[in-house]
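Here are the chains, one letter per residue:
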Amino acid sequence: MLDDFLWRAFLAGAGLALVAGPLGCFVIWRRMAYFGDSLAHSALLGVTLGFLLNIDLQLGVAAVCAAFALLVGLLQQQQRLPSDTLLGILAHSGLALGLVALSFVASLRLDLMGYLFGDILAVGRNDLLWIWLGGAAVLTLVALFWRPLLLSSLHEDLARAEGIAVLPLRLLLMLMLAVTIAVAMKIVGILLITSMLILPAAAARRFARSPEQMALLAGVLGVGAVGLGLSASLTYDTPSGPSIVVAALLLFILSLLGGSLLHRA
Amino acid sequence: MTPLLEARSLVFTRNGRTILDDIDIAINPEEVVTLIGPNGSGKTTLLRILLGLQKPDSGEVVQRRGLTIGYMPQRLTISPALPLTAGDFLQLPRRFGREKVLAALQETGVRHLADAQLFSLSGGELQRVLLARVLLPEPDLLVLDEPAQGIDFNGQLDLYQLIDRVRRKRGCGVLLVSHDLHLVMAATDRVICLNRHVCCSGEPEAVSRHPEYLALFGPRAAEALAIYQHRHDHSHDITGEAVPIDQREEQAVRRGCS
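Description of the structure in this document. Note that the coordinates shown come from a computational prediction; the quantities given were computed from them, not determined experimentally. (Residues numbered from 1 in each chain as written. Chains lettered and ligands numbered in written order. Predicted model: local features only at pLDDT ≥ 70, side-chain atom pairs only at ≥ 80, totals over all residues.)

Focus: the overall build of chain A
Helix and strand content of chain A: 13 helices and zero strands. Order of helices (α) and strands (β) in chain A, N terminus to C terminus: α-α-α-α-α-α-α-α-α-α-α-α-α. Whereas a compact globule of 265 residues would reach a radius of gyration of roughly 18 Å, chain A reaches 18 Å, a difference of no more than 12%. Dimensions along the principal axes, computed over C-alpha positions, put chain A at roughly 55 × 45 × 30 Å. Per-residue burial for chain A yields a buried fraction of 48% across its 265 residues. The contacts in chain A between residues at least 6 apart in sequence include a share of 74% that link residues at least 24 apart. (Helix = DSSP H or I, 4+ residues; strand = E, 2+ residues; numbered from the N terminus. Rg over C-alpha atoms; globule rule 2.2 N^0.38 Å. Buried ≥ 20, exposed ≤ 12 C-beta atoms within 10 Å, placed from the backbone. Contact = placed C-beta atoms within 7 Å.)

Remarks on the overall build of chain B
Counting its secondary structure elements, chain B contains ten helices and eleven strands. Counting every position in chain B, which comprises 258 residues, the buried fraction comes to 38%. Sequence-distant contacts in chain B: of pairs separated by 6 or more residues, those separated by 24 or more amount to 65%.

Quick word on helix 7 (residues 125–144) of chain A
All names here are of chain A. Its 20 residues place the ends of helix 7 29 Å apart at the C-alpha level, agreeing with the 28 Å of an ideal helix rising 1.5 Å per residue. Within helix 7, the full set of buried residues consists of Trp 130, Ile 131, Gly 134, Gly 135 and Val 138. Buried residues of helix 7 fall within an arc of 115° about the axis and therefore sit on the same side. Among the exposed residues of helix 7, those oriented more than 90 degrees off its buried face are Arg 125, Asn 126, Leu 129, Leu 133, Thr 140, Ala 143 and Leu 144. (Expected span 1.5 Å × (residues − 1). Arc of directions from axis to C-beta.)

Quick look at the nonpolar core
Cys 65, Ala 178 and Ile 181 of chain A are the most contacted members of the largest nonpolar core, which totals 151 residues. Per-element accounting of this core gives the leading share, 14 residues, to helix 1 (residues 5–29) of chain A. Each of two domains, domain 1 (1–66 + 167–227) and domain 2 (69–138) of chain B, supplies a minimum of three residues to this core. Sequence-distant contacts of Cys 65 of chain A, defined by excluding residues within four places in its chain, comprise Leu 39, Ser 42, Ala 43, Gly 46, Ala 178, Ile 181 and Ala 182 of chain A. (Core = buried A, V, L, I, M, F, W, Y, C linked by C-beta atoms within 7 Å. Domains from an automatic or database assignment.)

Some points on the sheet that holds strand 4 (residues 58–63) of chain B
Strand pairing in a sheet relies on backbone hydrogen bonds. The paired strands run either parallel or antiparallel. Residues and elements named next belong to chain B. Here we have three strands laid out as an open sheet, ordered 2-1-4, and antiparallel in their pairing. At either margin of the open sheet sits one strand with a lone partner, and together these are strand 2 (17–27) and strand 4. Strand-to-strand twist in this sheet, taken as the mean axis angle between neighbours without regard to direction, amounts to 20°. With seven bridges connecting them, strand 1 (residues 5–14) and strand 2 associate as antiparallel partners. Looking at the pairing, Thr 13 lines up with Thr 18 of strand 2. (Pairing = 2+ DSSP bridges. Axes fitted to C-alpha atoms, helices over the stretch in contact; angles between N-to-C directions.)

Examining the environment of Val 184 of chain B
Residue and element names in this part refer to chain B. If you trace the backbone, Val 184 turns up in helix 6 (residues 181–186). The class for Val 184 is buried, based on 26 C-beta atoms found within 10 Å. Considered as a pair, Val 184 and Pro 204 are 20 residues apart in the sequence and their alpha carbons are 9.1 Å apart. In this view, Val 184 contacts Thr 34, Ile 36, Leu 176 and Ser 178; residues no more than four positions away in its chain are not counted.

Things to note about the packing of helix 1 of chain A against helix 11 (residues 193–205) of chain A
All names here are of chain A. The interhelical angle for the contact between helix 1 and helix 11, taken along N-to-C directions, is 75°, at an axis separation of 7 Å. Put simply, helix 1 runs roughly perpendicular to helix 11. From helix 1, Leu 16, Ala 17, Ala 20, Gly 21, Leu 23, Gly 24, Cys 25, Val 27 and Ile 28 reach across to helix 11, where they touch Met 196, Leu 197, Ile 198, Pro 200, Ala 201 and Ala 202. Considering only residue class, the contact of helix 1 with helix 11 consists of 13 nonpolar, two polar and no charged. (Parallel < 35°, antiparallel > 145°, perpendicular 65-115°, else oblique. Nonpolar A, V, L, I, M, F, W, Y, C, P; charged D, E, K, R; others polar.)

Some details on the environment of Val 191 of chain B
Residues and elements named next belong to chain B. Note on placement: Val 191 falls in strand 8 (residues 190–195). Overall, Val 191 belongs to the buried group, with 27 C-beta atoms counted inside 10 Å. For the pair Val 191 and Ile 36, spaced 155 residues apart in the sequence, the C-alpha separation amounts to 7.2 Å. In contact with Val 191, not counting residues within four places along its chain, are Thr 34, Ile 36, Met 185, Ser 201, Gly 202, Pro 204 and Val 207.

Regarding the pairing of strand 7 (residues 173–178) of chain B
All names here are of chain B. Burial analysis of strand 7 places six of its six residues in the buried class, the great majority of the element. Side chains of strand 7 alternate between two faces, with Gly 173, Leu 175 and Val 177 and Val 174, Leu 176 and Ser 178 buried alike. When strand 3 (residues 32–36) meets strand 7, the two strands line up parallel, connected through five bridges. Within strand 7, the position partnered with Ile 36 by the bridge is Ser 178. Direction of pairing for strand 6 (residues 141–145) relative to strand 7: parallel, over a ladder of five bridges. By the bridge assignment, Asp 145 is partnered in strand 7 with Val 177. Between strand 6 and its parallel partner strand 7, the chain crosses via helix 5 (residues 153–170), and the hand of that crossover is right-handed. (Right-handed = clockwise from strand over helix to strand, strands pointing away.)

Quick word on the sheet that holds strand 8 of chain B
Residues and elements named next belong to chain B. Overall, mixed pairing links the six strands, which are arranged 5-6-7-3-8-9 in an open sheet. Each end of this open sheet is capped by a strand with a single partner; those strands are strand 5 (69–72) and strand 9 (197–202). The average undirected angle you get between the axes of adjacent strands in this sheet is 15°. Here strand 8 pairs with strand 9 via five bridges, running antiparallel. Bridge pairing links Leu 194 to Val 198 in strand 9. Running at roughly 170° to strand 5, helix 4 (residues 123–135) makes contact with strand 5 and strand 6 of the sheet.

Quick look at the structure:
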């Protein structure tokens, strides 16, 4: 089954969706959508670094994203500049630095489009291993810290006053996002990663009565979007990464319609 | 008696402005201490320092060994993006079990809201849920930042009576912050009047006659205290009909179920 590139693509996408769903819920609850986007932009620098140092590209991306996440986390401690300004600076500097650094590696012929918009059909066995191992690690951490994470998403001061280590939790969440982005790069690409985080979670919101339901449903809807997007891409010969995102958007729109019917009934 | 929480010579400055100037404060077991003061008097900052959310520039905060604190923040804005029932909210970050949760909600008169979504609650309902949440783990010290905010008048009376009852039953200390004077005064052992420094402190009656208090809040504040010291022997239901106090709880429950 793993010999078929389509199956590999689906398994890769599904693995990502199952992690991105629950994490995306936190991104929404904590208003971190812009943070995720900025993190993703800096990923290109990771790609270049990976090439230069001759290490696994996803490792390079994970490292750069993690460093970026820590940097933002620390800079947010000062209060002179609002976070969205900081993120704006870091996001686009990260992308620009990545592109400039890339041009120095003259010998390199890089499929830039592949990194920006993903190339899920080129996913190999090795990538699959990365996705599922990384995903399992992230999901385990989310499950372990579920309640403290929830409370600190609801109200940081409340959590801190009750003895929860809020800052380490925030850094943990940022690092998990970094890993997820490294994993997602191959699938939907740097520019579309945020959509895999927030679209399924946003669609799940309409039907969820508890945070657990929302996280679970977001994962399931994400897998649905991957399946739908891939088959559409096959049928209509459209680029796979964007097709998956469009499928997720359709699910979101349907959730709005379905949600309002449900609430009227 | 060892105080639950004690702060010595707290000083806090921000951007060249002195916000807290040499504050000493102690809260004993079974004592209700109310912090009053006008806007910008440093109430919230003092509270944050006492809770360990902020570091003072100098001075120290000493907690009794093993002290547990229940904190009810001022204004909790709940994002509608987070689906969470009031009952589940009480189980964060620790699980207590449904039964205990319902009992705590019953105590603050909002048992019927256990399955309501947190973001859909009105201001007053949310305050009651928050209070239930703070009581649930039976902490040694309750820290309540303007707990009566958004609660209607009779609800406020209920609230302060409840705080008083809990304090007597469990022997916990209570630190209240408020800038609404009259109601709080009635349910307080000691009032600390703050205006960047401790203007005056003592029993409510004494504080309300203190010249610095009068200078801060005006002579009408002292009259206000007298007005609110009488007890209500009846209340009003939703249609405005007078109802004896003891029937009111039943009514609330019935209304909640319909």
